[in-house]
Amino acid sequence: MPPVRLPNFVGGTWRRPQAEAWLPVFNPATAEVLAEVPLSAAAELDEAVASATAAQAAWRDVPVTERVGYLFRYFRLLEEHYEELARTITRECGKTLAEARGELRRGLESVQAACALPLLLQGYSNEQLAYDLDEHLFRQPLGVAAAVTPFNFPAMIPLWFLPYAVGCGNALLLKPSERVPHTAVRLVELLAETGLPRALVQLLHGGQELVHAMCDHPGIHGISLVGSTQAARAVYQRAAAAGKRVQCQGGARNALVVMPDADLDGAVQAAADGAFGCAGQRCLATSLAIAVDQARHRFIPAIQAVAASRRVGNGLDPQVEMGPLITQESQARVVRFVAEAENAGAKPLLDGRGRRVPGYEQGFFVFPTVLAATADAALAHAEVFGPVLSLLEARNLDEALSLINSGRYGNMACLFTRDGAAARRFRYEAQVGNVGINVGVAAPMAWYPFSGWKESFFGDLHAQGRHAVEFYTQTKVVMERWPRGRGGSVS
Ligand code: NAD
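Quick look at the structure, then. (Residues numbered from 1 in each chain as written. Predicted model: local features only at pLDDT ≥ 70, side-chain atom pairs only at ≥ 80, totals over all residues. Heavy atoms only, no water.)

## Points about the packing of aromatic side chains
Stated precisely, the cut-off is as follows: The rule is short: rings of Phe, Tyr and Trp, with Trp giving its six-membered ring, pair when the centres are within 6.5 Å, and they are stacked under 30 degrees, edge-to-face over 60, tilted in between. Helical segments are the DSSP runs of H or I of at least four residues, strand segments are the runs of E of at least two, and each set is numbered from the N terminus. Think of it in three bands: residues with accessible area under 20% of the maximum for their type are buried, residues over 50% are exposed, and the middle band is partly exposed, with areas taken using a 1.4 Å probe on protein chains only.
A full pass over the atoms with the stated rule returns eight aromatic pairs. Judged by centre distance (5.9 Å) and plane angle (85 degrees), the ring pair of F26 and F364 falls under edge-to-face. Placement of the pair is F26 in strand β3 (residues 19-27) and F364 in the loop between β14 (347-350) and β15 (369-372), with a sequence separation of 338 residues. Judged by its relative accessible area of 27%, F26 is partly exposed. Judged by its relative accessible area of 3%, F364 is buried. Measuring from centroid to centroid gives 6.3 Å for W160 and F161, while their planes differ by 75 degrees, and the two rings are edge-to-face. Of the two residues, W160 and F161, both sit in the buried class. Taken together through their ring pairs, the aromatic side chains of W160, F161 and F450 make up a single cluster.

## Re the nonpolar core
What counts is decided by this rule: In these notes, a set of buried Ala, Val, Leu, Ile, Met, Phe, Trp, Tyr and Cys residues joined through side-chain atoms within 4.5 Å is what counts as a nonpolar core. Domain delimitation in this document rests on an assignment produced automatically or drawn from a domain database. In what follows, residue pairs with any heavy atoms lying within 4.5 Å of each other are defined as contacts.
Counting residues in hydrophobic clusters, the biggest one holds 136 residues, and the most contacted among them are Y74, L78, L173, I223, F299 and Y472. Broken down by element, this core gets its largest block of residues, nine residues, from helix α6 (residues 156-167). Of the residues that make up this core, three or more belong to each of domain 1 (8-250 + 456-477) and domain 2 (254-437). The contact partners of L78, leaving out residues within four places of it in the chain, are L85, L108, V111, L159, L187 and L190. One finds L397, L403, L415 and A430 within the second-largest nonpolar core, a separate group that totals 21 residues.

## Description of the layout of surface pockets
One way to see where empty space is left: roll a probe the size of a water molecule over the atoms. For clarity, the threshold we go by: Cavity and pocket criteria rest on a 1 Å grid covering protein atoms alone: a 1.4 Å probe that fits but cannot get out defines a cavity, protein on both sides within 12 Å along at least 5 of 7 lines defines an open pocket, and an atom within 4 Å of a point defines a lining residue. Grid points are joined across faces, edges and corners, and a volume is the space filled by probe spheres set on the points. Residues are grouped as follows: Ala, Val, Leu, Ile, Met, Phe, Trp, Tyr, Cys and Pro are nonpolar; Asp, Glu, Lys and Arg are charged; every other residue, Gly included, is polar.
Of the volumes computed, that of the largest pocket is approximately 1,400 Å³. Contributing to the lining of the largest pocket are 50 residues, with R179, G227, S228, Q230 and A231 lying nearest its centre. Residue assignment for the lining of the largest pocket shows that the elements contributing at least two residues are β3, α8 (208-216), β10 (222-226), α9 (229-241) and α12 (328-343). Ranked by residue count, the leading element in the lining of the largest pocket is α12, at six residues. Here the residues of the lining of the largest pocket sort into 22 nonpolar, 18 polar and ten charged. Shared between two domains, the lining of the largest pocket holds at least three residues of each, these being domain 1 (8-250 + 456-477) and domain 2 (254-437). Put simply, the second largest pocket is a space of about 350 Å³.

## A closer look at the site of the ligand
For the record, the criterion: Near is defined per residue: the residue qualifies when any heavy atom it owns lies within 4 Å of the molecule or strand. Whenever a nitrogen or oxygen atom comes within 3.5 Å of another N or O atom, the pair is scored as a polar contact, on the condition that within protein one atom can donate a hydrogen and the other can accept it, and that pairs from neighbouring residues in sequence are kept only if both atoms are in side chains. Accessible surface is estimated by sampling points in the Shrake-Rupley manner with a 1.4 Å probe; for residues, cover comes only from the protein chains shown. By definition, a pocket or cavity contains a molecule when more than half of the molecule's atoms lie within 2 Å of the pocket's grid points.
Not every one of the 29 residues close to the ligand is listed here, only the nearest: K175, E178, S228, Q249 and E383. Separating an oxygen atom of the ligand from a side-chain N or O atom of E178 is a distance of 2.8 Å. When the ligand sits alone it has 840 Å² of accessible area, and the protein chains cover 92% of it. Of the pockets mapped on this structure, the ligand occupies the largest pocket. For the shell around the ligand, the secondary-structure elements that each account for two or more residues are α6, α8, β10 and α9. Here the shell around the ligand gets three residues from one element, more than from any other, and that element is α8. For the shell around the ligand, the per-class residue count stands at 14 nonpolar, eleven polar and four charged. Taken domain by domain, the makeup of the shell around the ligand includes at least three residues from each of domain 1 (8-250 + 456-477) and domain 2 (254-437).

## A short note on the pairing of strand β4 (residues 32-40)
Here is the rule: A strand pair is defined by DSSP finding two or more bridges across the two strands.
Alignment of β3 against β4, held across eight bridges, turns out to be antiparallel. Note on β4: the bridge partner recorded for A19 is S40. Linking β3 to β4, which pair antiparallel, is a turn of four residues; within it A31 sits at a positive phi near 70 degrees.

## Digging into α9
Inclusion rule: Any helix carries an expected span of 1.5 Å times its number of residues minus one. Arc definition: directions from the helix axis to the C-beta atoms.
Helix length check: α9 (13 residues) gives 18 Å between terminal C-alpha atoms against 18 Å at 1.5 Å per residue, within 8%. All buried positions along α9 are accounted for by T229, A232, V235 and A239. The buried residues of α9 occupy an angular sector of 135 degrees when projected down its axis, which confines them to one face. In this structure, α9 carries Q230, Q237 and A241 as exposed residues pointing more than 90 degrees from its buried face. G243 occupies a position one or two residues after α9 and carries a positive phi of about 85 degrees.

As structure tokens, then:
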């Protein structure tokens, strides 16, 4: 039987796209082909934008209280299909079921947060700002928006955008990662069950060509991308040149600093979860651990031991603690990364290359790897996006901060300490958008923007929280004068 070919959802119907090429979608634990995904032609976009534009023109009139009614129904449907969605994520993305459930919970929290839109959309007013003059600020929908999402959080990241876009009165075109399309299909199928006008959220599968066409299309007013820094920069430049509102979240190289006074067990556990959770395929993965002064004596052997004990396998097996990488190319890239780090002077303390999982010999696995690195080698590298933790040593907090601040990315940095003054200083001086104090993966919860600085973010308004409301609305300022009659009486 040839693999199933996945449809697009355009203009409110599921349909076979115009596509010259189809890509296989793998189960990364088994290398089995689950389906084929179309690289939809740019021409497909015109019809999607036209129907989204018509749907949005009617939707902007629907009161926000009714709009969030659909989100409440969506939340319930996502809860009812929780386990099915988690298994879908694990099958195509490879992460463990526990990790899939966790990302789904975060996605549902975004739906919950957007249910507060009647409050979040409030503007502000002044009465009598000048004689007989009142002034108001209202928030109106942006129009048609597009979201381009990565493979590593197949449900959570589309849900960073979808509830806010729709709740603020917009239409949304979703272009999910071509490597994890099934989850996006289910998210859109379930949304249709809420009774939401069908052309309001559309799903187009595709690759770079389609995304570039989205950047250029005059009927799309805002575009969000989450992906590698290369993709984020390219889309930011292209969409901004076309006059669109753009937010592009990119890659990272995140450090976790362990002070000598830290709760060591907590720091080791956090570093291991940060480095090897989701097989290191997180934009908030810990890829550098910096042990300060005496901390190295206990931290380095402890992290090696915890890393070596991590059970690797098919994420559907409840005993498994770490799944495979997303593709064979990713597996080869991570293996190459370790070899290059070695050439640059790093020493593998634990080497996860070339190991196989019994029963899953074809799977795209790399086992946990720990490198004793040199600062040059560790910082010169781009993002690893695999289960590789580089260890560095620093003499004091100053040195750790300057290692962090010399990197090109600015997504996250974490500190483990019992000293409030050190924590405060770190929080103030680390040049990153997300900070963890005694927290290893400081992923902002749905009510806060998912920040990011330097080459980890291009734009000004991030995903989630109040930033999402600002991104999906434009402000309208109204000045009103209703002159009173002569003699000061109200006419
Ligand atoms: P990717 O850049 O390969 O793809 C992301 C999306 O962009 C996909 O939908 C893809 O089709 C599209 N795309 C890829 N290259 C493009 C280009 N040149 N022009 C236009 N569109 C393009 O990323 P990925 O491998 O799917 O995801 C992993 C990356 O995402 C990592 O770098 C990770 O750090 C990053 N990420 C960042 C965040 C964050 O919030 N900063 C969150 C999750 C993932």
